[in-house]
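Working through the structure, step by step
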Amino acid sequence: MDPDSSTPTLRQKPDMTQTLSAEPKDLIAAAALLRAGGLVAFPTETVYGLGADATQDRAVAGIFAAKGRPHFNPLIVHVADLEMAERFAVFDARARDLAARFWPGPLTLVLPMRAGSGLAPLVTAGLGSVALRLPSHRVALALLHAFGGALAAPSANPSGRISPTRAAHVLQGLSGRIDAVVDGGACAVGLESTIIGLDGPVPHLLRPGGIAAEELEAVLGPLSLGGDETRPNAPGQLASHYAPAAGLRLNAFEAQHGEVMIGFGAVGGPLTLSASGDLIEAAAQMFHLLRHADDLAGPGRRIAIAPIPEVGLGRAINDRLRRAAAPRA
Ligand code: AMP
Ligand code: MG
């Protein structure tokens, strides 16, 4: 049972979730919803993904709200082709080789993010790397081409539930919380994509999935299983994460000497996560504001952050803030 699914602050759409077909006119409608910052579930060869424009902060925050995710773990960015992928990440020879052999298909590459990629920082959880995948499902590809950009898309289920392989499963979990689902029938693989980390010198297997590790080892040589402390080795288990250089004080009502204040709701400051106390806006702004406050704070100074309510997206925000505030080695 997912404790988040009954949280009243989850985004509730005024209208029911639409079911769209995989016909071109419906995919054009789905692409328009995505451009407007909406959430659209779509089939891939692995499972149904919950898509949002990967460059829109609020749309990406909406994914976490709809799923009721208690953590801001980074999301996989789905691209229409290799050229689009190279706009977001820096490909080395290993990455090009894997892409040439396994894309389109159930392989996700974690690569150094390109400067000025335009991706919402929430997509990468503020990290300097990005997870990219070029899916092979005909409908996923057609939607990506109709949309003309990259889609952040974790599995289209409430947090803690089983990944959906049919449009009906998506609706069972997320009806009323997302704008639309594109019904493309049953997914073929049912397993999630294999995730491989190529953002350092040694390739790491970050998650086993649709492409066998042996197939990857045939190309890359022996793979590290990511046991190294500084690497995430399973979905959601990110040992390394974004943290500002300045120290962070949580649950602050006003700045003390030498602190840059980040407000929320009634607690003001020179910067605010959301003056109106909107948790989706706060999630969308969080990484931007932490960076900005870090720049303003300068050496030896600190950031103070207003209390964020521990409900709905507030739980994921607080989780991230607590990690950022924790003492570091
Ligand atoms: P999901 O989108 O739910 O299929 O899960 C995506 C998973 O990909 C995350 O939980 C991470 O484990 C992994 N991932 C995505 N982006 C990165 C990244 N930049 N660095 C390391 N792992 C990542
Ligand atoms: Mg999932």
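All values derive from a computational prediction rather than experimental measurement.

1. Comments concerning the confidence of the model for the protein chain
With 90% of its residues at a pLDDT of 70 or more, the protein chain has an overall mean of 89. Below a pLDDT of 50 lies the segment residues 1-11, which in the model reaches 26 contacts outside its immediate sequence neighbourhood of four places, other chains included. Under a pLDDT of 50 for its full length, residues 227-239 has, in the predicted model, 24 contacts with residues more than four places off or in other chains.

2. Some details on the sheet that holds strand β4 (residues 76-78)
As summarised here, the arrangement of the ten strands in space is β1-β8-β2-β3-β7-β4-β6-β5-β9-β10, forming an open sheet in which the pairing is mixed. Taken across any chain shown, the strands that pair with only one partner, and hence form the sheet edges, are β1 (18-20) and β10 (204-207). Summarising the sheet, strand β9 (residues 194-197) and β10 pair through three bridges and their orientation is antiparallel. Bridging across to β10, G197 finds its partner in H204. Contacts between helix α2 (residues 57-67) and the sheet are confined to β3 (49-53) and β7 (151-152), with β3 contributing the most and set at about 150° to the helix. Helix α6 (residues 167-174) contacts β1, β2 (40-42), β3 and β8 (180-182) of the sheet and is inclined by roughly 165° relative to β8.

3. Some points on the side chain of N73
Here N73 is to be found in the loop between α2 and β4. For N73, the side chain forms a polar contact with the side chain of R69, separated by 2.9 Å.

4. Topic: the packing of aromatic side chains
Following the criterion strictly, the structure yields two aromatic pairs and no others. Taking the centre distance of 4.9 Å and the plane angle of 75° together, the rings of F64 and F72 count as edge-to-face. Across the pair, exposure class does not vary: F64 and F72 are buried alike. Considering the side-chain rings of F91 and W103, the 6.1 Å spacing of their centres and the 75° angle between planes classify their relative orientation as edge-to-face. Here W103 lies in the loop between α4 (93-102) and β5 (107-112) and F91 lies in the loop between α3 (82-88) and α4, a separation of twelve residues in the sequence.

5. Some details on the side chain of S155
In this structure, S155 sits in the loop between β7 and α6. According to the relative accessible area criterion, S155 is buried, its value standing at 10%. A distance of 2.5 Å separates a polar atom in the side chain of S155 from a polar atom in the side chain of N157. Residues within four places of S155 in sequence aside, it is in contact with V47, Y48, G49, L50, K67, S163, P164 and E192.

6. Looking at α2
Counting buried positions along α2 yields nine of eleven residues, so the element is predominantly enclosed. Buried positions along α2 lie against β3, β7, α6, α8 (279-297) and α9 (313-325). G68 lies just past α2 and shows a positive phi near 65°.

7. Quick word on the layout of surface pockets
Approximately 160 Å³ is the volume found for the second largest pocket. What lines the second largest pocket is a set of 13 residues, and nearest its centre among them are K67, R69, N73, S159 and G160. Of the residues contributing to the lining of the second largest pocket, the split by class is two nonpolar, eight polar and three charged.

8. Some details on the pairing of strand β14 (residues 302-305)
Relative to β14, strand β11 (residues 247-249) is paired through three bridges, and the arrangement is parallel. From the neighbouring strand, G247 faces β14, where its bridge partner is R302. Both strand β12 (residues 259-263) and β14 contribute to a ladder of four bridges, which runs parallel. By the bridge assignment, E259 is partnered in β14 with R302.

9. Side note on α6
Inspection of α6 places A167, V170, G173 and L174 among the buried residues, and these make up the whole buried set. Taken down its axis, α6 places every buried residue within 130° of arc, on the same side. Buried positions along α6 lie against β2, β3, α2 and β8. Positive phi shows up at G176, right after α6, with a value of about 85°.

Conventions and cut-offs
Residues numbered from 1 in each chain as written. Chains lettered and ligands numbered in written order. Predicted model: local features only at pLDDT ≥ 70, side-chain atom pairs only at ≥ 80, totals over all residues. Heavy atoms only, no water. pLDDT = per-residue confidence, 0-100. Contact = heavy atoms within 4.5 Å. Pairing = 2+ DSSP bridges. Helix = DSSP H or I, 4+ residues; strand = E, 2+ residues; numbered from the N terminus. Axes fitted to C-alpha atoms, helices over the stretch in contact; angles between N-to-C directions. Polar contact = N/O pair within 3.5 Å; in protein donor to acceptor, adjacent residues only side chain to side chain. Phe/Tyr/Trp six-rings, centres within 6.5 Å; stacked < 30°, edge-to-face > 60°. Buried < 20%, exposed > 50% of the residue type's maximum accessible area, 1.4 Å probe, protein only. 1 Å grid on protein atoms, 1.4 Å probe; cavity = no way out; pocket = protein on both sides within 12 Å on 5 of 7 lines; lining within 4 Å. Points joined across faces, edges and corners; volume = space filled by probe spheres on them. Nonpolar A, V, L, I, M, F, W, Y, C, P; charged D, E, K, R; others polar. Arc of directions from axis to C-beta.

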